[in-house]
Amino acid sequence: MRFLIPKRALWSLVIAVPLVALLAFGFQRNPDAVASPLIDKPAPTFQLHTIDGRTLSLASLRGHPVVLNFWASWCTACIDEHPMLISAWHTYQRRGVEFVGVVYDDTAGDARDFLRQRGGSWPSVEDPGQQTAIDYGVVKIPETYFIDRHGVVRYKSSGEVTPQILSRQLGRMLGKTA
Amino acid sequence: MRRYSGWIAIGWLLLVCGVALVAYGNKPPKQSLDDRVRAVAQQLRCPQCNGESVADSPASISTSIRADIRRRLLAGQSDDQIKQYFVSRYGDWILLSPPQSGIGNVAWLAPPLLVLGGVGLLLTLVTDWRRRGKGVAPAGSEGYLERVRAELAADSFAE
């Protein structure tokens, strides 16, 4: 009887601690950050029309690191991250990095208006049937894929891309650590 | 003849059932393309929704995925090949039921193991309670027991 309470307390701890640890782990994770099986695999190819009516294929960018950004004019997180992309584009386009936007579930007209108002001169392509989004396993925009100069996916960013992610990933792909 | 009519009816019934089994039993019902699309889509998670399948979701990405499944079925791919394609793009996350291999086994084995553990715990507790119920009275209760005995004896004399 004397050991009943400590024993119960011990059992309660044995049950509660892993549960609390599991919850703590779960709450710290971004539920939209689904690990991509494409990392270190060849990037799915595409040949699509830009919102300006030109044709763009991923293969034509071989030899350059590519920042592939899935976005839409209606997506508030895309609006928030846009200045960051503009800043990174100014910095890295001179170093051979190509930026490509893939318009997700949006019209070319709305996408053009968005870029006209907010800037951003890199090409954006339409994705009829969302086939490219499916090929890349896009879960929730904005999502940004970093493709190295050999056409291999090196990183996937879920949600707004940050300056830290951009500098770390592009630095890595350009052959520097930062 | 009337005596055998019941047996004849049963015989006919068995014959009809037998013929029906031979005719339809060996062949699975032929699924239409829509049924096959739905069957695959029901196993996939809608990427934009919360716990909804691609088959049930009205989201545009689910519509696109259903169209992609249809194209792949028409191109001759099997259900497993199509599921494998989606897993290769989204990971196991896209499957509504976890795979029965590797880490996915945990999700399948955990519920029955938890139920077994619960039943075991319940049995242990019940056994413990019963054992304590039959056990020796705790120290210090002798006086109380004496009173109960005396009252019971007084009752029996009163009767």
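Above this note sits the structure.
Residues numbered from 1 in each chain as written. Chains lettered and ligands numbered in written order. Predicted model: local features only at pLDDT ≥ 70, side-chain atom pairs only at ≥ 80, totals over all residues.

(A) Focus on the interface of chain B and chain A. Counting from both sides, the interface comprises 13 residues of chain B and, opposite them, 16 residues of chain A. Counting residues per element, the ones that place at least two in the side of chain B that touches chain A are α3 (60–74) and α4 (79–90) of chain B. The leading source of residues in the side of chain B that touches chain A is α3(B), at six residues. Class assignment of the residues belonging to the side of chain B that touches chain A gives a composition of six nonpolar, five polar and two charged. (Contact = placed C-beta atoms within 7 Å. Helix = DSSP H or I, 4+ residues; strand = E, 2+ residues; numbered from the N terminus. Nonpolar A, V, L, I, M, F, W, Y, C, P; charged D, E, K, R; others polar.)

(B) Region of interest: the environment of W122(A). Residue and element names in this part refer to chain A. Secondary-structure assignment places W122 in the loop between α3 (108–118) and β5 (124–125). A residue is classified by how many C-beta atoms lie within 10 Å of it, and W122, with 17 of them, is partly exposed. Note: C-alpha distance between W122 and P83 (39 residues apart in sequence) is 13 Å. Contact partners of W122, with chain neighbours within four places excluded, come to W89, F99, V100 and G101. (Buried ≥ 20, exposed ≤ 12 C-beta atoms within 10 Å, placed from the backbone.)

(C) Expanded view of the packing of helix α2 (residues 33–41) of chain B against α3(B). All names here are of chain B. Interaxial distance between α2 and α3 falls to 9 Å at its minimum, and their mutual angle equals 120°. Taken together, the axes of α2 and α3 lie oblique to each other. Judged by the sense of rotation from one axis to the other, the crossing of α2 with α3 is right-handed. Across the interface between the two elements, L33, R36, V37, V40 and A41 from α2 touch I65, R66, I69, R70 and L73 from α3. Across the contact of α2 with α3, the residue classes tally to seven nonpolar, no polar and three charged. (Axes fitted to C-alpha atoms, helices over the stretch in contact; angles between N-to-C directions. Parallel < 35°, antiparallel > 145°, perpendicular 65-115°, else oblique. Left-handed = near helix turned anticlockwise from the far one by under 90°.)

(D) A look at the sheet that holds strand β3 (residues 66–71) of chain A. All names here are of chain A. Strand order across the open sheet formed by five strands is β5-β4-β3-β6-β7, with mixed pairing between neighbours. Each end of this open sheet is capped by a strand with a single partner; those strands are β5 and β7 (153–158). When β3 meets strand β4 (residues 98–103), the two strands line up parallel, connected through six bridges. Looking across to β4, one finds that F70 is bridged to V102. Here helix α5 (residues 163–173) sits on the sheet and contacts β6 (143–147) and β7; the angle it forms with β7, its principal contact strand, is near 175°. (Pairing = 2+ DSSP bridges.)

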